[in-house]
Amino acid sequence: VFQITPPGPDTISLELVQHPLIEGVGFTGSRYVGTLIAKTCANRPKPIPAYCEMGSINPFFIFPDSLKTQTTEIAKGLTTSVTLGAGQFCTNPGLIFLLGDKPLLDNFITNFVKNISEIPAQPMLTPQILNAYKTGVEEFAKVKGVKCEYYNPTSSSVSSPAVFSVCYTDFLGHSDRLQQELFGPSTLIVKVTPPFDLSRLHQLLEGQLTATIHATAKDNATEISKVIDIISDRVGRIVWGGYPTGVEVNTSMQHGGPWPASSDGGRTTSVGTRAILRWVRPLAFQSFPDNLLPPQLSDSNPLNIS
């Protein structure tokens, strides 16, 4: 079942989660509304759990040898991932770290922009979301050091993809602003040239649903390990050599991450088999005689559970 509260005052959502029959809340949307919902659930006379998924820009790291040998393939894959569903996937890769010499970085950006420019404009979920995206693109381009590599709006009723770039130093200086999710088919490329020192990301990088690494056996294993150490504290799922928008519903899937990706800090998942655990409560029967146990727990197994 797909449910969405209509555009309007935030009070609509808050009234819903305060209803006395509601025992728990699952939410996907903005950080602003998700934070309000989480606080409201916690402040009820009888507090209830709120599992709020509130946005993620899903950092994507490409190491030098991958840039050298796989630029064409990765540029195509990233184009699909960034623009899938008009960029409205919560696992949209909105922050791309390119590690390499300037010619490698420029070559990748050229290939990526060429692919992006061939993607037609797409409608978004609501006019409000579309307008927020367009305003966000204009504001993003005003941040110091940010260059708009591609944006070609063709109509007021659809979203056109956007690509921005910034050097690593300027990203560090404006990381708070540049980590704000721009919901839609857009991404920011951070250009990192040698020597690679990503240690400050450990303090600056916000919580995310995913992070992705593209590297080969020829890339520096120590540098790769440092990135893995950094993102392990900041994300719920690390993807190797793939794209984060590929979310498979299975037992091992983790779809949740540290704040602000998830209100519970990524301790649960909203996708996969374990997602049901958000909506059940453990109950233990200690030292009970078999005849008084629920049939699901009886040694005689009357329900033939296997």
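Just above, that's the structure.
Not measured: the values here are computed from a predicted model.

Attention now moves to the sheet that holds strand β3 (residues 59-62). Reading across the sheet, the 7 strands line up as β5-β6-β7-β4-β3-β8-β9 and stay open at both edges, with mixed pairing between neighbours. At either margin of the open sheet sits one strand with a lone partner, and together these are β5 (147-151) and β9 (235-240). Between one strand and the next, the sheet's axes are offset by a mean angle of 20°, whatever the strand orientation. Here 5 bridges tie strand β8 (residues 208-214) to β9, and the two strands are oriented parallel to one another. Its bridge partner lying in β9, I213 is registered against W240. Most of the contacts of helix α4 (residues 102-117) go to strand β7 (residues 186-192), to which it runs at about 170°, and overall it touches β3, β4 (95-99), β5, β6 (162-167) and β7. Across the face of the sheet, helix α5 (residues 127-140) comes into contact with β5, β6 and β7 while running at roughly 25° to β6.

Moving on, we get to a nonpolar patch on the surface. On the surface, a cluster of nonpolar side chains totalling about 500 Å² of accessible area is made up of L283, F285, F288, L292 and L297. Mapping L292 onto the fold places it in the segment after β9. For L292, a relative accessible area of 54% corresponds to the exposed category.

Within this structure, the stated rule accounts for 7 aromatic pairs. Where F140 meets F164, the ring centres are 5.0 Å apart and the plane angle is 50°; that geometry is what we call tilted. Residue F140 is located in helix α5, and its partner F164 is located in strand β6; the two are separated by 24 residues in the primary sequence. Comparing F140 with F164 shows no difference in burial state: the two are buried. With a centroid separation of 5.3 Å and an interplanar angle of 90°, the aromatic rings of F285 and F288 are classed as edge-to-face. Looking at F285, the relative accessible area reads 33%, which means it is partly exposed. Overall, F288 belongs to the partly exposed group, its relative accessible area being 42%. One aromatic cluster in this structure is built from F61, F97 and F171.

Conventions used here
- Residues numbered from 1 in each chain as written.
- Predicted model: local features only at pLDDT ≥ 70, side-chain atom pairs only at ≥ 80, totals over all residues.
- Heavy atoms only, no water.
- Pairing = 2+ DSSP bridges.
- Helix = DSSP H or I, 4+ residues; strand = E, 2+ residues; numbered from the N terminus.
- Axes fitted to C-alpha atoms, helices over the stretch in contact; angles between N-to-C directions.
- Contact = heavy atoms within 4.5 Å.
- Patch = residues over 30% accessible without salt bridge, like charges linked within 9 Å, V, L, I, M, F, W, Y side chains within 5 Å.
- Areas by Shrake-Rupley, 256 points an atom, 1.4 Å probe, with all protein chains shown as cover.
- Salt bridge = Lys/Arg side-chain N within 4 Å of Asp/Glu carboxyl O.
- Buried < 20%, exposed > 50% of the residue type's maximum accessible area, 1.4 Å probe, protein only.
- Phe/Tyr/Trp six-rings, centres within 6.5 Å; stacked < 30°, edge-to-face > 60°.

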